[in-house]
Amino acid sequence: MTTEVIPQSDEAVPAGSAILRAVRVLEAIARQDAPPQLSEICREVDLPKPTVYRILTTLEHAGLIGREPGSKRYTCAERLNALAGETLLRSPNRAARRAVLEELVEQVGETCNLTIPNNNSVLYLDRVEASWPLRISLGAGSKVPLYASASGKMFLSYLPKRSRERFLRV
């Protein structure tokens, strides 16, 4: 039996690999606390402006990234967020996180969830139900509006005040 070794960097791949350059651009956007501009992305990935601009245009056309309205800043788009959520849902670590949730439910006697914010919703990565006669069935992959779940309300409470007020006005 052979074990496949997956490189952790793109050093072993030819320098001209368009796919790896695009992945580096995606990573540069995803890593930033605030949406970056073209020049910031160029510095981060150490590629020329025309190259990065072509990559950004392709990624934007694919729905993986987008621009903030009225600005020249780039953000992760819904398609990339959905891909990230699907990756987390099918993670090889899901059995371990499920075991932790099951033990927690046994200790506290309440339903326990593992969730992440996903735009205006909460995405359930896993959920273990307590043995209560009345319950809501939400499995892994379920989405619930932020305002309609305890996890979502917690995420909302950590938003900056302006962002939270803007969200609640909608």
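Residues numbered from 1 in each chain as written. Predicted model: local features only at pLDDT ≥ 70, side-chain atom pairs only at ≥ 80, totals over all residues. Heavy atoms only, no water.

**Re the overall build of the protein**
Here's step 1: Helix and strand content of the protein: seven helices and five strands.
Here's step 2: Helices and strands appear in the protein in the N-to-C order α-α-α-β-β-α-α-β-β-β-α-α.
Here's step 3: In terms of C-alpha radius of gyration, the protein reaches 20 Å, well past the compact-globule figure of 15 Å for 170 residues.
Here's step 4: Across the 170 residues in the protein, those meeting the buried criterion constitute 29%.
Here's step 5: At a minimum sequence separation of 6, the contacts of the protein that also span at least 24 residues come to 37%.
Here's step 6: Only carbon and sulfur atoms are counted for the fraction: they give 56% of the accessible area of the protein, which is about 12000 Å².
Here's step 7: Charge centroids of the protein, computed over 23 positive and 19 negative side chains, lie 9 Å from each other. (Helix = DSSP H or I, 4+ residues; strand = E, 2+ residues; numbered from the N terminus. Rg over C-alpha atoms; globule rule 2.2 N^0.38 Å. Buried < 20%, exposed > 50% of the residue type's maximum accessible area, 1.4 Å probe, protein only. Contact = heavy atoms within 4.5 Å. Areas by Shrake-Rupley, 256 points an atom, 1.4 Å probe, with all protein chains shown as cover. Lys, Arg positive; Asp, Glu negative; His and termini not counted. Charge placed at Lys NZ, Arg CZ, Asp CG, Glu CD.)

**Some points on the sheet that holds strand β4 (residues 121–128)**
Here's step 1: One open sheet accounts for three strands, arranged β3-β4-β5; its pairing is antiparallel. For this open sheet the edge positions go to β3 (112–118) and β5 (143–145), each flanked by a neighbour on one side alone. Across this sheet, the average inter-strand angle for adjacent strands is 35°, counted without regard to direction.
Here's step 2: Summarising the sheet, β4 and β5 pair through three bridges and their orientation is antiparallel. Among the inter-strand pairings, V122 is bridged to a residue of β5, identified as V144.
Here's step 3: Sheet strands in contact with helix α4 (residues 78–89) are β3, β4 and β5, and its direction is about 5° off that of β4.
Here's step 4: Helix α6 (residues 150–157) contacts β3 and β4 of the sheet and is inclined by roughly 45° relative to β3. (Pairing = 2+ DSSP bridges. Axes fitted to C-alpha atoms, helices over the stretch in contact; angles between N-to-C directions.)

**Let's talk about the packing of helix α1 (residues 18–31) against helix α2 (residues 38–45)**
Here's step 1: Their axes nearest at 9 Å, the elements α1 and α2 cross at an angle of 115°. Along this stretch, α1 crosses α2, giving a crossing that reads as right-handed. Contact with α1, carried on its side by R24, V25, A28, I29 and R31, involves I41, E44 and V45 of α2 and no other residues of that element.
Here's step 2: Within the contact of α1 with α2, the residues separate by chemical class into five nonpolar, no polar and three charged. (Left-handed = near helix turned anticlockwise from the far one by under 90°. Nonpolar A, V, L, I, M, F, W, Y, C, P; charged D, E, K, R; others polar.)

**A short note on the layout of surface pockets**
Here's step 1: Looking at the largest pocket, its volume works out to about 700 Å³.
Here's step 2: As for the largest pocket, its lining consists of 13 residues, of which N119, N120, L159, S163 and F167 are closest to the centre.
Here's step 3: Listing elements by their share of the lining of the largest pocket, those giving two or more residues are β3 and α7 (161–169).
Here's step 4: Sorting elements by how many residues they give to the lining of the largest pocket places α7 first, with three residues.
Here's step 5: Class assignment for the residues of the lining of the largest pocket results in seven nonpolar, five polar and one charged. (1 Å grid on protein atoms, 1.4 Å probe; cavity = no way out; pocket = protein on both sides within 12 Å on 5 of 7 lines; lining within 4 Å. Points joined across faces, edges and corners; volume = space filled by probe spheres on them.)

**Focus on the pattern of salt bridges**
Side chains carrying opposite charge are able to pair once their charged atoms draw close together.
Here's step 1: What the rule picks out here adds up to eight salt bridges.
Here's step 2: With a closest N to O distance of 3.0 Å, E44 and R31 form a salt bridge. In this pair, E44 is assigned in helix α2 and R31 in helix α1, connecting sequence segments 13 residues apart.
Here's step 3: A residue is classified by how much of its surface remains accessible, and E44, at 38% relative accessible area, is partly exposed. (Salt bridge = Lys/Arg side-chain N within 4 Å of Asp/Glu carboxyl O.)

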